[in-house]
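Chain by chain, the residues run as shown.
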Amino acid sequence: MDWDDLKIVLAISREGTLTGAARVLGLTQPTMGRRLAAFEEHMGARLLQRMPSGYVLTPLGESVLVHAERIEAEVQAAERAMLGRDVALAGTVRVTTVDLLAPTIVVPAIRTLRASHPGICVELVPDTRLLSLSKREADIALRPSRFRGNEIHARRVGRFSLGIYASRAALAEGAALPLVTTLDDQANLPETAWLRELYPDAPVALQSNDRHVHFQAAVSGLGLVVLSRFHADREPELVLLHEADPATDRELWLGVHADLRHTPRIRAVIDAIAAELASQKAFRAG
């Protein structure tokens, strides 16, 4: 049995579609379909069944999944063990963070890093999903929230504050502005509740969980928006109306799997990101 075939089954079972699994594994949808069919024919067993909502595991597939996940964990542990003993200050380091921090923090950090370590290539993955450090979906993560799991080595590297903004043009018109806020699944966020408390009677013009959408909505004059100050204060068209209480500051955390924390190239990237955060006044010391 080929481990790559089991990875196909794992990916399809997790994503539910050939398209999603192909994206995860860097293959095409037709290739995923052919590989799955060939594997099932070779083994003489059906592991996944296609339903209107997507692929689901058969009872046999569910029992095989337990073994496949155990194999995956062992392969990843072996890979981390080898990488942890790699002493070269060269190679690829995969970094994930949220979309606002990628250009603001990570890109300048890479520019500085290249001056002293030109052999390191950084793969930057801006993503709202929490990519797994244990599964090697990323080597380093920079997040505005704490990490979970004893296998992750993390440290707080900074804090940033929030504010409520509107565009100068919209304020000059003098009319009451509506709100731009999050979708209902993030209604429990402190900043969402804060905006509603200050403007309890204001109608909602737009709901989105995308912070770039919030920023563009504010600049375009759509309404009142809670934005990260490190991002919004750079835009001359925006006016800060309310500063959030320091108690609502968001913390920034850098995380790496404990097995990789001493790998020189990963250590170098972590240090470069932390130094860039320390150099920017918008991010208070962690």
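None of these values were measured; they are calculated from a predicted model. (Residues numbered from 1 in each chain as written. Predicted model: local features only at pLDDT ≥ 70, side-chain atom pairs only at ≥ 80, totals over all residues. Heavy atoms only, no water.)

K.L.:
Help me understand the packing of helix 2 (residues 18-25) against helix 3 (residues 29-43), please; the structure alone is not making it clear to me.
P.N.:
Between two packed helices, the angle of one axis relative to the other and the distance separating the axes together describe the packing. At a minimum axis separation of 8 Å, helix 2 and helix 3 run at an interaxial angle of 100 degrees. The angle between helix 2 and helix 3 falls in the class roughly perpendicular. Taken together, the residues of helix 3 that come into contact with helix 2 (itself represented by Leu18, Thr19, Ala21, Ala22 and Leu25) are Gln29, Met32 and Gly33. (Axes fitted to C-alpha atoms, helices over the stretch in contact; angles between N-to-C directions. Helix = DSSP H or I, 4+ residues; strand = E, 2+ residues; numbered from the N terminus. Parallel < 35°, antiparallel > 145°, perpendicular 65-115°, else oblique. Contact = heavy atoms within 4.5 Å.)

K.L.:
Honestly, the side chain of Glu191 in this entry has me stumped. Any pointers?
P.N.:
Relative to the assigned elements, Glu191 resides in helix 7 (residues 190-198). Assessed through its relative accessible area of 8%, Glu191 is described here as buried. Separated by 3.0 Å, the side chains of Glu191 and Arg250 make a polar contact. (Buried < 20%, exposed > 50% of the residue type's maximum accessible area, 1.4 Å probe, protein only. Polar contact = N/O pair within 3.5 Å; in protein donor to acceptor, adjacent residues only side chain to side chain.)

K.L.:
Would you mind showing me how to read the sheet that holds strand 9 (residues 204-207) here?
P.N.:
Spatial strand order, 9-8-10-7-11: five strands in an open sheet with mixed pairing. This sheet does not close on itself; its edge strands, each paired only once, are strand 9 and strand 11 (238-243). Going across the sheet, the axis of each strand differs from the next one's by a mean of 35 degrees, ignoring polarity. Relative to strand 10 (residues 224-228), strand 7 (residues 162-167) runs antiparallel, the two being bridged by four bridges. Following the sheet pairing, Tyr165 is matched in strand 10 by Val225. The strands that helix 8 (residues 211-219) touches are strand 7, strand 8 (179-181), strand 9, strand 10 and strand 11; relative to strand 10, the one it contacts most, it runs at about 130 degrees. (Pairing = 2+ DSSP bridges.)

K.L.:
Please clarify how empty space enclosed by the protein should be interpreted in this entry.
P.N.:
Space left empty within the atom packing is revealed by a probe, the size of a water molecule, rolled over the atoms. All chains considered together, the criterion is met by one cavity of 30 Å³ or more. By volume, the largest cavity is sized at about 60 Å³. Every residue lining the largest cavity is listed: Ile140, His153, Arg155, Leu254, Gly255, Val256, Arg267 and Ile270. If you list the elements that add at least two residues to the lining of the largest cavity, you get strand 6 (152-160), strand 12 (250-257) and helix 10 (264-279). A total of three residues in the lining of the largest cavity trace back to one element, the largest contributor, which is strand 12. (1 Å grid on protein atoms, 1.4 Å probe; cavity = no way out; pocket = protein on both sides within 12 Å on 5 of 7 lines; lining within 4 Å. Points joined across faces, edges and corners; volume = space filled by probe spheres on them.)

K.L.:
Before we go on, may I ask you to explain the packing of aromatic side chains in this structure?
P.N.:
The description of two aromatic rings rests on the distance between their centres and on the angle between their planes. Applying the stated rule across the entire model yields three aromatic pairs. For the ring pair Phe230 and Phe283, a centre distance of 4.8 Å and an interplane angle of 40 degrees mean the geometry is tilted. With a gap of 53 residues between them, Phe230 in helix 9 (residues 229-232) and Phe283 in the loop between helix 10 and strand 13 (284-285) connect regions that are remote in the sequence. Considered together, Phe230 and Phe283 belong to a single accessibility category, that of buried residues. Pairwise contacts between aromatic rings join Phe160, Phe230 and Phe283 into one cluster. (Phe/Tyr/Trp six-rings, centres within 6.5 Å; stacked < 30°, edge-to-face > 60°.)

Geometry only, nothing functional implied.
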